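Structural description and commentary
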Amino acid sequence: MGKKSRVKTQKSGSGAMAVVSPKEMMNLIAELLQKCSSAAASAGKEWEEYIQIRGLVERIRKKQKGMSIVFEGSREDHFPELMSWAKENGASCECFTVANFGKEGYGLRKIFSSPLYSQDRILQAMGNVTLALHLLCERANPASFWLPYIRSLPQEYDIPLYYQQEDVQLLLGTQAVQDVLSQYKNTARQYAYFYKLVQTHPTASKLPLKDCFTFDDYRWAVSSVMTRQNQIPTEDGSRVTLALIPLWDMCNHTNGLITTGYNLEDDRCECVALQDYKENEQIYIFYGTRSNAEFVIHNGFFFQDDAHDRVKIKLGVSKSERLYAMKAEVLARAGIPASYVFALHCNEPPISAQLLAFLRVFCMTEDELKYYLLGDRAINKIFTLGNSEFPVSWENEIKLWTFLETRAALLLKTYKTTSEEDRSMLEKPDLSLHSRMAIQLRLAEKQILEKALACGRAKRLYFQKKLEEGASLPCYEESDIALLENTEADAKLPVILRKVEEEVSFSRSALIEGVASVTVSVLIATENLTGLQCNSLPAADCGCQGLPHW
């Protein structure tokens, strides 16, 4: 603590810093901002747009080569100082240490016991961007209180923002590629916007970014926040704010349950360990019910045993359909939009109660719609739509499972490789980490779609047999209402319709045996960009944002 920061500036290949005229750079930035701010590319043109944006970014990066701040030594060299700094400032670190876990990277191992803010609407609306700029300001300050923490952060990340173009190309045709391309475009647009703001805004002269604000700098800050941000209550408890929590953010993910809660009475987060950790075991936490697409895009890793993996599928009732109004009304009574992004799951059943209800309404005939709108006990029958025990009709079940089977087959045809080809590629020993993650994600999507296709086929055949046998439909009685709340499909109700922010809340949780709380200072996004607020708050994750709309 208190030592002079050992910071060096990258040198260009010639040994001297790159020299670029401000006018030339501003022209390139203006071109980038215009390209990224244009209307969304038409279907099938997203990759072409991505190539154009990336080309501009690479030209800017080339001219900015040698201008970024890089700390001397490896990341590991700074961990001892990080631990000392955390202890000196109130963290309880007696039960764990930072360790290298090979392919998983660094983690925690159990051991024995501004004015600018007020004038910019984007900063006000996007706390994650504000926090990223704060992080850059602190990194550029040799006397920053946060340097022991900032030095220990990775210099690069494994989210798609750092992928080579050929790695991103491996994701073409996947359900995740749109989010990957949007992430790059949004980050490039934000960088161009804030570069112009920093260079031209009267109050920006107070920021240490004016003379050195490269794309690589912003990408690093965005990635640091995206992979590590947490939600914590403000001091008065009236709202939540985003923060980076030193040491705590080094816990790696495993399957489990959310075990973090916020104790308002004691003003601290209390976290229960996922298991009784033994000496030298790695301490894991559960990030939340995220898909592998979310892990890859926002966290930078593929989790092989993801029990919550799923593939997005967008479905909607066409407004030009003759029965649109009736279908939309039945769906509205069930609390389901007429157009929505649903999900196909890796486990059984592959569809949620909401998706089952949607597909049933989607495939209803006019008479069936009238029955659910006007028939006896119509309101009560709405509750049966998501229950697999009460089909609308055998014909309706055949239609919906045929639709699911066909849709899954069509989605599988959009991929440029087969599952067998992906498995063969993954056996190559020289495959880069980013290429491997892209192929793993691509294969995981196919496996989910293949399972949905097989399920659709099996269900279709089953209900065709019921129809041929002339089997009677199960009779719904009002006394059955209690059954509707305990079906296997209903178990997925929280997973599908909750917003992403709600779905991943309390995502980084748990620590050491029993109930443990660790108090450290946290880096918070505040309204004053000239200096970060330093608060002493519990270093637990009371709701990790995790999936920001960058």
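Residues numbered from 1 in each chain as written. Predicted model: local features only at pLDDT ≥ 70, side-chain atom pairs only at ≥ 80, totals over all residues. Heavy atoms only, no water.

For the record, the criterion: UniProt positions are given in the numbering used here, feature names are shortened, and annotations may be inferred rather than shown by experiment.
Labelled according to an unreviewed UniProt entry, the protein appears under the name protein-histidine N-methyltransferase, originating from Oreochromis niloticus. According to the UniProt record, the Sequence similarities (unreviewed entry) comment for the protein is "Belongs to the class V-like SAM-binding methyltransferase superfamily. SETD3 actin-histidine methyltransferase family." According to its UniProt record, the protein has this under Catalytic activity (unreviewed entry): "L-histidyl-[protein] + S-adenosyl-L-methionine = N(tele)-methyl-L-histidyl-[protein] + S-adenosyl-L-homocysteine + H(+)".

**Here's the deal with the pattern of salt bridges**
To be explicit about the condition: By definition here, a salt bridge exists when the distance from a side-chain nitrogen of Lys or Arg to a carboxyl oxygen of Asp or Glu is within 4 Å. Counting from the N terminus, the helices are DSSP H or I runs at least four residues long and the strands are E runs at least two residues long. Think of it in three bands: with a 1.4 Å probe and only protein chains considered, a residue is buried below 20% of the maximum accessible area for its type, exposed above 50%, and partly exposed in between.
Taken as a whole and assessed by the stated rule, the structure comprises 20 salt bridges. Here Glu 329 and Arg 333 are joined by a salt bridge, their closest N and O atoms 3.0 Å apart. A residue pair is termed a helical-turn pair when its members lie 3 or 4 positions apart in one helix, as Glu 329 and Arg 333 do in helix α12 (residues 324–333) at four residues. Taking the relative accessible area as the measure of exposure, Arg 333 reaches 37% and is therefore partly exposed. With a closest N to O distance of 3.5 Å, Glu 405 and Arg 457 form a salt bridge.

**With respect to the environment of Thr 227**
In plain terms, the rule: As used in this structure description, the phrase polar contact means that two N or O atoms lie within 3.5 Å; if the pair is within protein, one of them must be able to donate a hydrogen and the other to accept it, and residues adjacent in sequence are counted only when both atoms belong to side chains.
On the secondary structure map, Thr 227 appears in helix α10 (residues 215–228). Residues Thr 227 and Leu 244, 17 residues apart in the sequence, show an inter-C-alpha distance of 9.8 Å. A polar contact is formed between the side chain of Thr 227 and the backbone oxygen of Ser 224, at a distance of 3.4 Å.

**Quick notes on the sheet that holds strand β10 (residues 282–285)**
This is how the line gets drawn: Two strands pair under a simple rule: DSSP has to find at least two bridges between them.
With mixed pairing, the four strands of this open sheet are ordered in space as β3-β4-β10-β7. At either margin of the open sheet sits one strand with a lone partner, and together these are β3 (96–100) and β7 (252–253).

**Regarding the packing of aromatic side chains**
For clarity, the threshold we go by: Only rings of Phe, Tyr and Trp enter the pairing, Trp through its six-membered ring, and a pair is recorded when the two centres are within 6.5 Å. The plane angle decides the type: under 30 degrees is stacked, over 60 is edge-to-face, the rest tilted.
On inspection of all chains with the given rule, the structure shows 25 aromatic pairs. Ring centres of Tyr 191 and Phe 215 lie 5.6 Å apart, and the angle between their planes is 90°; this geometry places the pair in the edge-to-face category. Of the two residues, Tyr 191 is situated in helix α9 (residues 177–200) and Phe 215 in helix α10; the sequence distance between them amounts to 24 residues. With a relative accessible area of 0%, Tyr 191 lands in the buried category. Their ring planes at 40° and their centres at 6.4 Å tell us that Phe 194 and Tyr 218 sit as a pair that is tilted. Placement of the pair is Phe 194 in helix α9 and Tyr 218 in helix α10, with a sequence separation of 24 residues. We classify Tyr 218 as buried; its relative accessible area is 0%. Through pairs of rings, three or more aromatic residues link up here, namely Trp 47, Tyr 50, Tyr 184, Tyr 191, Tyr 193, Phe 194, Tyr 195, Phe 213, Phe 215 and Tyr 218.

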